[in-house]
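Descriptive structure summary
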Amino acid sequence: MALYLIRRLMQSGFVLIAMSLLVFLGVYAVGDPVEILISPDADQEERERAVRALGLDLPLWHQYLVFLGRALQGDLGRSFVFNEPAIQLILQRMPATLELAFGAMFISVLIGLPLGLYAGLRPDGRLSKTIMAGSILGFSLPSFWVGLMLIMLFAVQLGWLPSTGRGETAMLFGIRWSFLTGDGLAHILLPAINLSLFKISLVIRLTRAGVRETMLMDYVKFARAKGLTPFRVTFVHVFKNIMIPVVTVLGLELGGTIAFSVVTESVFAWPGMGKLIIDSINVLDRPVIVAYLMMIVLMFIVINLLVDLVYTLLDPRVRLEGKA
Amino acid sequence: MNTLEVKNLCTHFFTRAGVVKAVDGVSFSIGRGKVLGLVGESGSGKSVTGFSILGLVDPPGRVVSGEILYKGKNLVGLPEEELRRLRGNRIAMIFQDPMMTLNPVLRVDTQMIETVLAHEKVSREEARQRSRDALGMVGIPSPDERLKSYPHQFSGGMRQRVAIAIALLHRPDLIVADEPTTALDVTIQGQILAEVQKLAQNLGTSLVWITHDLSVVAGLADEIAVMYAGRVVEQGEVNAVLDAPYHPYTHGLIGSVPSRNKRGEPLRQIPGMTPSLLSLAPGCAFKTRCNRADAACDVMPNLDELSPGRFARCVHPHVGAEA
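This one's a predicted model, so the numbers in the text were calculated from it and none came from an experiment. (Residues numbered from 1 in each chain as written. Chains lettered and ligands numbered in written order. Predicted model: local features only at pLDDT ≥ 70, side-chain atom pairs only at ≥ 80, totals over all residues. Heavy atoms only, no water.)

**As for the interface of chain B and chain A**
Convention followed: Residues are treated as being in contact if the distance between any of their heavy atoms lies within 4.5 Å. In this description, buried area is defined as the sum, over both parts, of the accessible area (probe of 1.4 Å) that is lost when the two are combined. Counted as salt bridges are all cases of a side-chain nitrogen of Lys or Arg within 4 Å of a carboxyl oxygen of Asp or Glu. Throughout this description, a polar contact denotes any pair of N or O atoms lying within 3.5 Å of each other; where both atoms belong to protein, one of them has to be capable of donating a hydrogen while the other can accept it, and for residues adjacent in sequence the pair is counted only when both atoms sit in side chains. We count a stretch as a helix when DSSP gives it H or I for four or more residues in a row; a strand needs E for two or more, and each element gets its number in order from the N terminus.
On the side of chain A, 22 residues touch chain B, which itself brings 28 residues to the contact. Of all residues in chain B, the largest losses of buried area upon contact with chain A belong to Met100, Val105 and Glu114 of chain B, amounting jointly to 24% of the total for that side. Linking chain B with chain A are 4 salt bridges, by the criterion used here. Between Lys226 of chain A and Glu114 of chain B there is a salt bridge; the shortest N-O distance is 2.9 Å. Applying the counting criterion to the chain B and chain A interface returns 14 residue pairs in polar contact (both at pLDDT 80 or more). Among the elements of the structure, α1 (46-54), β6 (91-94), α3 (98-101), α4 (108-119) and α7 (156-168) of chain B are those that each provide at least two residues to the side of chain B that touches chain A. The element best represented in the side of chain B that touches chain A is α4 of chain B, accounting for 6 residues.

Okay, here's the thing in C-alpha cells:
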C-alpha cells in the first residue's frame, strides 16, 4: 500500500511536468498578450519596458524554466490583468465552483440512483420506460439552453428562485460558502440542477445497466435461495456490486464538473473558476490560464487516486500493489 | 409422509419465439433421508425442475401447472413471503459453479450470518457461532479465521464447501443440489460427495441431486429419474436402472460413459442433438435419435410401470430378451 502510494505520487509528478510543458507551449502559441495589455499609442520604449517586466523578451525555453522554477515554489505567475498571484485568484473563486459541483453531484446521486435502481428492477414497467426516455433528454439537451429555460421558468415566470450570483454567504474555515445560508441555497439550486441534469442521466443509465447485469448473477439467485428478503438482496447484494462502476464514473465526472462548468457559471453569473478562465482567455491572461490548467491536472490526479482508494473499500478483490 | 412429492409439474418459458416447455409433466417423490438422482443432458429441464421446487424460476418462465408438495403442503402458488421463509430454511439449494455463487464483495461471515438471521431471531454472536460450526462441519480448517475471508481467497472446492455449509445452516429437510460437483476436480468431487452423503444421512436430509454424471448418481442416489426434453423418460431404483436400462435413451447414456468401452474401439455416442424445445414434433421426443423408432413412436408414450418400481416412457423398451 505504501509502496503503491509512493509509485503513484512519482507518476503524478511526471504527469504534472509533462502537462506543464504542453500547457505552456499551447498557451504560448496563441496570440500576443502585449497587443491586448498595452495601449496602442504607447511608444516603443514603454512597450519594451512592459515586455521586459512580463519576462516576454526571454527565449521560450528560458521562459519555461523560469515558470517551472517558480511553480515548484508555489508561484504560478501574476495575472497580467489583476496584477495578483494567479494561484490566489483561482483559489478565491474555487469555493464557489466546488460547492456548485458538489451540489450537482449530490443531486445527481440523490435522484439518479433510486430512479436507475427502479428502472433496473422493473425493466418492462411503463415508469421505467419513461425514466429511460427522460434520461435521453438529459443527455442530449444543451446545458446553456436548459439553463436559460430554468431561468425563464423559475426566475422570470414563477419568480421562485433567483437567477444570478451566490446570494448571502457564511464563513466556514475562513472561506465564504453559499450553501450555509437559506438565501445562498436558493441561489445555488438552479445552477446546480442545470449542471446535474447530464449527470442524473448518466447515473440512471449506469445504475440500471449494473442492476440488470447483477440481477442475473448466480450469487443473487443464491442469495434468494438462502431465503433473504428482497430488500436485503437488492440493497446489500446487488447495491454493493453496482457501486463500483458508479463510483468510477462519478469520480471522473466530478473532476470534469469542477474544471468545465464554464457554461453554467456563465449563464447563471456564478462567480466561480469557470467564469474566471473564460474571462482570462478573452484577454489572454496567460499566467491565469496556465495556473488554472495546472490546478485542474493536479485535481484530476488527486481524484483518480481517491477513486482507486475507494475501490479497495468496495471491492475486496482489488489490492493496490506496487506494480500497479 | 414423503418429504417432497412433485406431481405433474409443468414449467414453461414464454419467450418471443414461442413457448418453451422446459419441464412438461414431471412427477417424482422423495422420502426422508433419501437421495434422488435427476439425470439428463443440458437442456433436459433438470435444473429448471430444481428451481421450480424453490420457487426461483425467473420470468419469462413460470410454473404453469402441477403440484410441489413439501410435507403435504403445496408450494405452487404460495405467497412469496411464505416461500421465502421456507427457502434456505427447510429447503436449501446448492448451485453448480462455486466461483459464482458467493457474492464477491461480501465477507463469508456476512453471507452466512445473514442466512441465519433471515429465518431465526438470534443474536449476531450466536449466528456467528452457528456459522463457524457449519464451516467446521463441512471440513474447512480454522473456521474462525476463514469466516473473515472474502470468497476470492478460497479455492473452488472450499467455496463449494462454504456453499454447502450455508445450505446446512438450518438443517433443512431437503437440499436441491444442482450439479454441485461438476466444476470441481475429481479428487475434490469425491471428497464433497462423501461429505454430503455423510451429512445428509446424519441429519436425515433428503437430496435432489441434479447431474449429468451417471457415475456420481451410481454411488450416491437411492433412486434415479432420467429426463429428456422436459419429461421423465425412465425412473426406478438406481442400481436396477443402471444395470438394465429400459429406455433406449438411458441405454445410450450409459453406453456413452467412456470407461465402459474396450480400448481401441471408437467411443460410443448417441447420434444427433437434443431437440429444440420450441419445435418439438408430436410423439416421443427421442425418436429422431433412436434406432428403435418406428411409426408407433409418433404418439407420446406414457410413463408406464414395466416391472415393479420401474417406469419407462417407451413403446419399444429394452425389456427381457429384447435387451
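Let us keep going from here.
**Comments concerning the UniProt feature "transmembrane region" (unreviewed entry) in chain A**
Residue and element names in this part refer to chain A. Worth spelling out the cut-off: UniProt positions are given in the numbering used here, feature names are shortened, and annotations may be inferred rather than shown by experiment.
If you check UniProt for "transmembrane region" (unreviewed entry), the listed places come out as residues 12-31, 100-121, 133-155, 175-198, 242-269 and 289-314 in our numbering. Helix makes up 100% of residues 100-121 and strand 0%, whereas the separation of the span's terminal C-alpha atoms amounts to 32 Å. Note that residues 289-314 is 100% helix and 0% strand, and that its end C-alpha atoms are spaced 37 Å apart.

**Topic: the state of the cysteines**
Residue and element names in this part refer to chain B. Applied cut-off: By convention in this document, the label disulfide applies to cysteine sulfur atom pairs within 2.5 Å. Categorising residues by exposure relies on relative accessible area from a 1.4 Å probe, with only protein chains included: less than 20% of the type maximum marks a residue as buried, more than 50% marks it as exposed, and the intermediate range marks it as partly exposed.
All chains considered together, the criterion is met by 0 disulfides over all chains. No disulfide involves Cys284; its sulfur sits 5.8 Å from that of Cys297, the nearest cysteine. Look at Cys284 and you get buried, because its relative accessible area is 12%. Cys290 takes part in no disulfide bond, and the closest cysteine sulfur to it belongs to Cys314, at a distance of 6.0 Å.

**Thoughts on the sheet that holds strand β8 (residues 206-211) of chain B**
Residues and elements named next belong to chain B. Just so we agree on the cut-off: When DSSP finds two or more bridges between two strands, those strands count as paired. Here the axes come from fitting lines to C-alpha atoms, over the contacting stretch only for helices, and the angles between their N-to-C directions go from 0 to 180 degrees.
Spatial ordering of the open sheet is given by β6-β7-β8-β3-β9-β10-β12-β11, a layout of 8 strands whose pairing is mixed. For this open sheet the edge positions go to β6 and β11 (304-307), each flanked by a neighbour on one side alone. Between one strand axis and the next, the sheet turns by 20 degrees as a mean value, whatever way the strands run. One ladder, built from 6 bridges, connects strand β9 (residues 223-228) with strand β10 (residues 231-237); its direction is antiparallel. The partner of Val226 across the bridge, within β10, is Glu234. Set on the sheet, α7 makes contact with β6 and β7 (174-178); between it and β6 the angle comes to about 175 degrees.

**Points about the environment of Val257 of chain B**
With respect to the helices, strands and loops of the structure, Val257 of chain B is situated in the loop between α11 (248-255) and β11. With 39 residues separating them along the chain, Val257 of chain B and Ala296 of chain B place their C-alpha atoms 29 Å apart.

**Topic: the nonpolar core**
Note the cut-off: Buried Ala, Val, Leu, Ile, Met, Phe, Trp, Tyr and Cys residues that are joined via side-chain atoms within 4.5 Å together make up what is termed a nonpolar core.
Leu4, Phe28, Met112, Val208, Trp209 and Ile224 of chain B are the most contacted members of the largest nonpolar core, which totals 92 residues. No other element matches the 7 residues that α7 of chain B contributes to this core. Discounting residues that sit within four places of it in the chain, Met112 of chain B has contacts with Ser131, Ala134, Leu135, Leu147, Ala165, Ile166 and Leu169 of chain B. Counting 40 residues, the second largest nonpolar core, distinct from the first, contains Met94, Ala101, Leu250 and Met295 of chain A.

**A word on the sheet that holds strand β5 (residues 73-74) of chain B**
Each strand in a sheet pairs with another by means of backbone hydrogen bonds, the pair being arranged parallel or else antiparallel. Spatially, β2-β1-β4-β5 (chain B) is the arrangement adopted by the 4 strands of the open sheet, whose pairing is antiparallel. This sheet does not close on itself; its edge strands, each paired only once, are β2 (18-30) and β5 of chain B.

**What about the domain arrangement of chain A?**
All names here are of chain A. Formally: Note that the domain bounds were set by an automatic or database domain assignment.
Here chain A is described as being made up of domain 1 (2-72) and domain 2 (91-314). Between domain 1 and domain 2, the C-alpha centre-to-centre distance is 33 Å. Contacts between domain 1 and domain 2 engage 19 residues on the former and 14 residues on the latter. Taking both sides of the interface into account, the surface hidden between domain 1 and domain 2 amounts to around 1500 Å²; carbon and sulfur atoms contribute 79%. The largest per-residue losses of area from domain 1 upon contact with domain 2 belong to Arg8, Leu16 and Val27, which jointly make up 31% of the total buried on that side. The shortest N-O distance in the salt bridge between Asp308 and Arg8 comes to 2.5 Å. Run the count over domain 1 and domain 2 and you get 1 residue pair in polar contact (both at pLDDT 80 or more). When residues of the side of domain 1 that touches domain 2 are traced back to their parent elements, those giving at least two are α1 (2-29), α2 (33-37) and α4 (60-72). In terms of residue count, α1 provides more of the side of domain 1 that touches domain 2 than any other element does, 11 residues in total.

**Overview of the packing of α4 of chain B against helix α5 (residues 124-137) of chain B**
Residues and elements named next belong to chain B. Inclusion rule: Geometric relationships in this document are graded by angle, where less than 35 degrees denotes roughly parallel, more than 145 denotes roughly antiparallel, 65 to 115 denotes roughly perpendicular, and other angles denote oblique. The hand of a helix crossing depends on one turn: near helix anticlockwise from the far one by less than a right angle means left-handed, and clockwise means right-handed.
Contact pair α4 / α5: the axes reach a minimum separation of 9 Å and the direction vectors enclose 115 degrees. Relative to α5, the element α4 lies roughly perpendicular. Note on packing geometry: the crossing formed by α4 with α5 is right-handed. Between α4 and α5, the contacting residues are Asp109, Met112, Ile113, Val116 and Leu117 on the first element and Arg124, Ala127, Arg128, Arg130, Ser131, Ala134 and Leu135 on the second.

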